[in-house]
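Below, each chain spelled out in residue letters.
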Amino acid sequence: MTDFVKTQALGNDFILVKKAAVPVSRFSKFTQAICHRNFGVGADGVIFWVQKGDTFGLRIFNRDGGEAECSGNGLGCAAAYLMESGRWRQSQIQLRTISGVYVLQRKGDQYEADMGMPKFKPEEIPFIPEQPMDRVIDHPFKVDGEELRISLCATGNPHCSLFVHEIEDHVVERLGPLLENNPAFPNRTNVEFIKVLNDKEIRVAFWERGVGVSFASGTGSCGASVAAILNARTGRHVTVHAVAGKLTVEWPENGRLKLTSTASVVAEGRYHET
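Residues numbered from 1 in each chain as written. Predicted model: local features only at pLDDT ≥ 70, side-chain atom pairs only at ≥ 80, totals over all residues. Heavy atoms only, no water.

Outline the side chain of His159, supporting the account with residue identities and numerical values.
Here His159 shows up in strand β11 (residues 158–163). Taking relative accessible area as the criterion, His159 reaches 0% and is therefore assigned buried. Here Thr219 takes part through its side chain, which lies 3.0 Å from a polar atom of the side chain of His159. Beyond its immediate sequence surroundings of up to four residues, His159 is in contact with Ser151, Leu152, Cys153, Thr189, Asn190, Glu192, Ser217, Thr219, Gly220 and Gly223. (Helix = DSSP H or I, 4+ residues; strand = E, 2+ residues; numbered from the N terminus. Buried < 20%, exposed > 50% of the residue type's maximum accessible area, 1.4 Å probe, protein only. Polar contact = N/O pair within 3.5 Å; in protein donor to acceptor, adjacent residues only side chain to side chain. Contact = heavy atoms within 4.5 Å.)

Spelled out as structure tokens, the structure:
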């Protein structure tokens, strides 16, 4: 039996498990089993955590068993649990993922995360362009016979954003997996479908790599906001409307991304793996 904690951030849910509770070689299979919404606990992913001095190390796995470099909402969920459980008693916490160390600040029921500088070079995302380029912004890209305009960046993990007049489920469910698994993205990609509401607000539907449709995404909100800013659709302070609520993203000129969202603990229990 494995002790677990279930958390959520705007419906983007994660199961937290102590790293020592599961052999590293079984992280992927364990994640697939416990995340199943009919035969397991159900979640978008699992976060295996361990404390190392004043920093908590995280390994983040998506529902399909693939490892993610980072997760903005996952960071908030981990911070919420570690602080609410008393494992960390300060209002600021450091969390290390594959893509680096992130500092989160608790402010009431919200968590403000320093998400660092977005990356744009194709090799940093990674993305394989048809011809050399420094950035992939409003770039024509053909998928399933349809020419899309995509904007790419890495905000801890890869993101592909495109603008739509209306968010339609059938479009998200058709184009999401085609973009996620396109050979031009060697590590696959997350996809954001953006409807601009005004120069300060966007509505976003998220197709999450290794998960599918997701209620929300922290790094995806960052990626969508960066795309909106660079395409001159919004200012640098963006409110992102997701299915179950809203997040805010700030990106000062030549500055670092700041993500603010809520996160909470849902339940604790013991998982009986069959």
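Describe the environment of Gln51, with residues and values.
Mapped onto the elements of the fold, Gln51 is located in strand β3 (residues 45–52). Residue classification places Gln51 among the partly exposed positions, given a relative accessible area of 38%. Taking the C-alpha atoms as reference, Gln51 lies 9.2 Å from Arg87; in sequence the two are 36 residues apart. Beyond its immediate stretch of four places on either side in the chain, Gln51 contacts Phe56, Arg87 and Trp88. Among the polar contacts made by the side chain of Gln51, one reaches the main-chain carbonyl oxygen of Gly53 at a distance of 3.1 Å.

Can you break down the side chain of Thr55 residue by residue, with the values?
Mapped onto the elements, Thr55 comes out in strand β4 (residues 55–62). A polar contact is formed between the side chain of Thr55 and the side chain of Gln94, at a distance of 3.2 Å.

Describe the nonpolar core, naming the residues involved and giving the relevant values.
It is characteristic of soluble globular proteins that their nonpolar side chains tend to be buried jointly. Grouped together as the largest cluster of nonpolar side chains are 50 residues, with contacts concentrated most on Ile93, Leu95, Leu104 and Met115. Per element, the largest residue contribution to this core is 8 residues, and it comes from helix α2 (residues 72–84). Here Met115 is in contact with Cys70, Gly72, Leu75, Tyr102, Thr155, Thr219, Cys222, Leu257 and Leu259, once residues within four sequence places are set aside. Leu148, Leu152, Val171 and Ala184 belong to the second-largest nonpolar core, a separate cluster that totals 20 residues. (Core = buried A, V, L, I, M, F, W, Y, C linked by side-chain atoms within 4.5 Å.)

Just give me the short version of the pattern of salt bridges, but keep the residues and values in it.
One side chain can pair with another of opposite charge once the charged atoms of both are near each other. In total, this model carries 19 salt bridges according to the counting rule given. A salt bridge links Asp138 to Arg149; the nearest nitrogen and oxygen atoms lie 3.3 Å apart. Taken together, the residues Asp138 in the loop between β8 (110–116) and β9 (139–143) and Arg149 in strand β10 (residues 146–154) connect sequence positions 11 residues apart. Residue class for Asp138 comes out partly exposed when judged on its relative accessible area of 36%. A cluster of three or more residues bridged by salt bridges with shared partners is formed by Lys6, Asp13, Arg37, Asp44 and Arg63. (Salt bridge = Lys/Arg side-chain N within 4 Å of Asp/Glu carboxyl O.)

Got a sec to walk through empty space enclosed by the protein? Specific residues and values, please.
Under the definition given, this model contains 3 cavities of 30 Å³ or more. Space inside the largest cavity adds up to approximately 100 Å³. Elements supplying a minimum of two residues to the lining of the largest cavity: β2 (12–18), β4, α2 and α4 (218–230). Partitioned by chemical class, the residues of the lining of the largest cavity number 4 nonpolar, 10 polar and 2 charged. (1 Å grid on protein atoms, 1.4 Å probe; cavity = no way out; pocket = protein on both sides within 12 Å on 5 of 7 lines; lining within 4 Å. Points joined across faces, edges and corners; volume = space filled by probe spheres on them. Nonpolar A, V, L, I, M, F, W, Y, C, P; charged D, E, K, R; others polar.)

How would you explain the packing of aromatic side chains if you had to name every residue and give the values?
This model, assessed by the stated rule, comprises 12 aromatic pairs. Ring centres of Phe27 and Phe48 lie 3.8 Å apart, and the angle between their planes is 5 degrees; on these two criteria the pair is classed as stacked. In this pair, Phe27 sits in helix α1 (residues 27–35) while Phe48 sits in strand β3, placing the two residues 21 residues apart along the sequence. The exposure class assigned to Phe27 is buried, which follows from its relative accessible area of 1%. (Phe/Tyr/Trp six-rings, centres within 6.5 Å; stacked < 30°, edge-to-face > 60°.)

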